[in-house]
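Structural overview for review
One letter stands for each residue in the lines below.
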Amino acid sequence: MTDYSVSISVNGRDYLWPKRPTVVVCIDGCERAYIDRAVEAGAMPWTARILSEGSDLPADCVVPCFTNPNNLSIVTGQPPSVHGICGNFFYDPASDTEVMMNDPKLLRAGTILAAFQAAGASICVVTAKDKLRKLLGHGLSFGPDGAVCFSAEKCDQTTLAEHGIEDARAFLDCPVPEVYSADLSEVVFKAGVALLKQKRYDIVYLSTTDYIQHKHAPGDPVANDFYRMMDSYWAELDALGATVVLTADHGMTPMHNPDGTPHVVYLQTILDEMLGENRARVILPITDPYVVHHGALGGFATAYMPEETDLADLCAKLRALDGIEWVGTGAEGCARFELPEDRMGDIIVISAATTAVGSSPERHDLSSLKEPLRSHGGLSTQAVPMILNRKLRGLDAGLQVRNFDAFDLGLNRAIVEG
Ligand SMILES: [Zn+2]
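Along each chain, residue indices are assigned from 1 in the same order as the chain's sequence is written. Owing to the predicted nature of the model, reporting of local features is limited to residues with pLDDT of at least 70; listing and counting of side-chain atom pairs is limited to 80 or more, with chain, interface and lining totals taken over all residues.

Notes on the overall build of the chain
We count a stretch as a helix when DSSP gives it H or I for four or more residues in a row; a strand needs E for two or more, and each element gets its number in order from the N terminus. Secondary structure summary: the chain contains 15 helices and 20 strands in total. Our radius of gyration is a C-alpha quantity, and the globule rule it is checked against amounts to 2.2 Å times the number of residues to the power 0.38. Its C-alpha atoms give the chain a radius of gyration of 21 Å, within 12% of the compact-globule value 22 Å for 418 residues. If you line up the chain on its principal axes, its C-alpha atoms span 70 × 45 × 45 Å. With C-beta atoms placed from the backbone, a residue is buried if 20 or more other C-beta atoms are within 10 Å of its own, exposed if 12 or fewer are, and partly exposed between those counts. Out of the 418 residues belonging to the chain, those deemed buried represent 53%.

Spelled out as structure tokens, the structure:
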């Protein structure tokens, strides 16, 4: 008999043992309007019902509104100041290198997933891109009766020892999806449903890619089709008896001029003009190897400054520029946005809605950007959905829900019959 009164403590928060399989879905780049427009178009019949019969709360993601910091916040239940992953990319002054934040050695907190596995729960994680797999799977053990954790991108390269499943592609009986495609996310859900049919996993975490949202606005027929696809899989997860929690890593906003060209404040160029060439080092934490759909342009930048810089004066000058929403010192930004000070620069700059903050024009390859720029990162993309197929109990009125409350809501507050 499972003792459902057991609670597991992770990073200072307690989580009850799941009575039903609990599936947390991180819909990459899910600005709320995508769901609303698709529901209005009749493309999401299951979601339309759940919005009234389940729970629908406004939530905030963590700033910077990027993929890695938010996925890691959701699976640790804490902001980046605790888990350490504050971008897809950061500058390490100690080694004077710019480093991708994909390596689990950069993670400073354990995950809810690993803690539940250590207590005997069965865990399944499927992510679209392989860049997140090692971070999300950190601390899980694999092999017979171990966890399953793999990416749709590399579903043909999985082994029992490293991913908990031998040849996931053969199990799913589908082709390996293109990395820049809607199919990449569909394989995530296909796998989630197939694995849950095969075994009643206690906890499932599914994380998609925002390829469609970068290219298509809410209500666009392609976007509606994408949401129709997701809705059909969520209905299947629901029919399998799972508690389904839907949230997002960040929203998505247009960042282009009326003629379709990107609308960008180039921060390195501005700092070069103010201080001399390359005296400052601008870091764009959106940067990752998959730049085709955003050209490394987003809404958040940090910069390392020469030692003698008067930071207060510099911040005041930058605040006066068009297209800038928030500027502060590293310490101010880290306090406000709950970020690790040792992985942020001397200043933090957030662009206004509909504006991107870039480095300098020659450092962005925009040749593969085929559609007008849509991206994320700053305060205008912080609002995300939090939708459950259950009613909730014990929520304080006026509480600002965060996306990293997803497991708290699903495990501790969702009302499950039977
Ligand atoms: Zn994302």
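Re the packing of helix α9 (residues 183-198) against helix α11 (residues 221-239)
To obtain an axis, a line is fitted to C-alpha atoms, over the contacting stretch when the element is a helix, and the angle between two such axes runs from 0 to 180 degrees between their N-to-C directions. Where α9 meets α11, the axes come as close as 10 Å, and the angle between the chain directions of the two elements is 10°. In terms of orientation, α9 and α11 fall into the roughly parallel class. Considering only the axes of α9 and α11, their crossing is left-handed. Taking contact as the criterion, the partners of E186, F189, G192, V193 and L196 in α9 are, on α11, M229, M230, Y233, E236 and L237. Its residues assigned to classes, the contact of α9 with α11 shows seven nonpolar, one polar and two charged. We call two directions roughly parallel when the angle between them is under 35 degrees, roughly antiparallel when it is over 145, roughly perpendicular when it lies between 65 and 115, and oblique otherwise. Handedness of a crossing follows from how the near helix is turned relative to the far one, being left-handed for an anticlockwise turn of less than a right angle and right-handed for a clockwise one. Two residues qualify as a contact pair if the distance between their C-beta atoms, derived from the backbone, is within 7 Å. Polar here means any residue outside two lists: the nonpolar Ala, Val, Leu, Ile, Met, Phe, Trp, Tyr, Cys and Pro, and the charged Asp, Glu, Lys and Arg; Gly therefore counts as polar.

Some remarks on the nonpolar core
Residues enter a nonpolar core if they are buried, belong to Ala, Val, Leu, Ile, Met, Phe, Trp, Tyr or Cys, and are joined to the set through C-beta atoms within 7 Å. Of all hydrophobic cores here, the largest spans 124 residues; its most connected members are L113, I123 and V349. Discounting residues that sit within four places of it in the chain, I123 has contacts with L113, F116, Q117, L140, A147, Y201, D202 and I203.

Concerning the environment of I27
Its location among the elements puts I27 in strand β3 (residues 22-27). With near-sequence residues (within four places) excluded, I27 lies in contact with T208, L246 and A248.

Quick look at the sheet that holds β3
Two strands qualify as a pair provided that DSSP identifies no fewer than 2 bridges between them. Ordered by their spatial adjacency, eight strands build an open sheet running β8-β7-β9-β3-β10-β19-β4-β20, and the pairing between neighbours is mixed. Single-partner strands in this sheet number two, and they are β8 (148-151) and β20 (401-402). Two elements, strand β7 (residues 123-127) and β8, share four bridges in a ladder whose sense is parallel. Bridged to T127 within β8 is S151.

With respect to unusual backbone geometry
Note: most residues except glycine have negative phi, and most peptide bonds are trans. Residue P64 is reached from V63 by a cis peptide bond, and omega for that bond is 5°. Within the fold, P64 resides in the loop between β4 (55-60) and α3 (67-76). Non-glycine residue D145 carries a positive phi angle of around 65°. Relative to the helices and strands, D145 is located in the loop between α6 (133-136) and β8. A count of 9 C-beta atoms within 10 Å places D145 in the exposed class. A positive phi is found at D167, a non-glycine position, where the angle reads about 50°. Among the secondary structure elements, D167 is positioned in the loop between α7 (160-163) and α8 (168-172). Judged by the 14 C-beta atoms lying within 10 Å of it, D167 is partly exposed.

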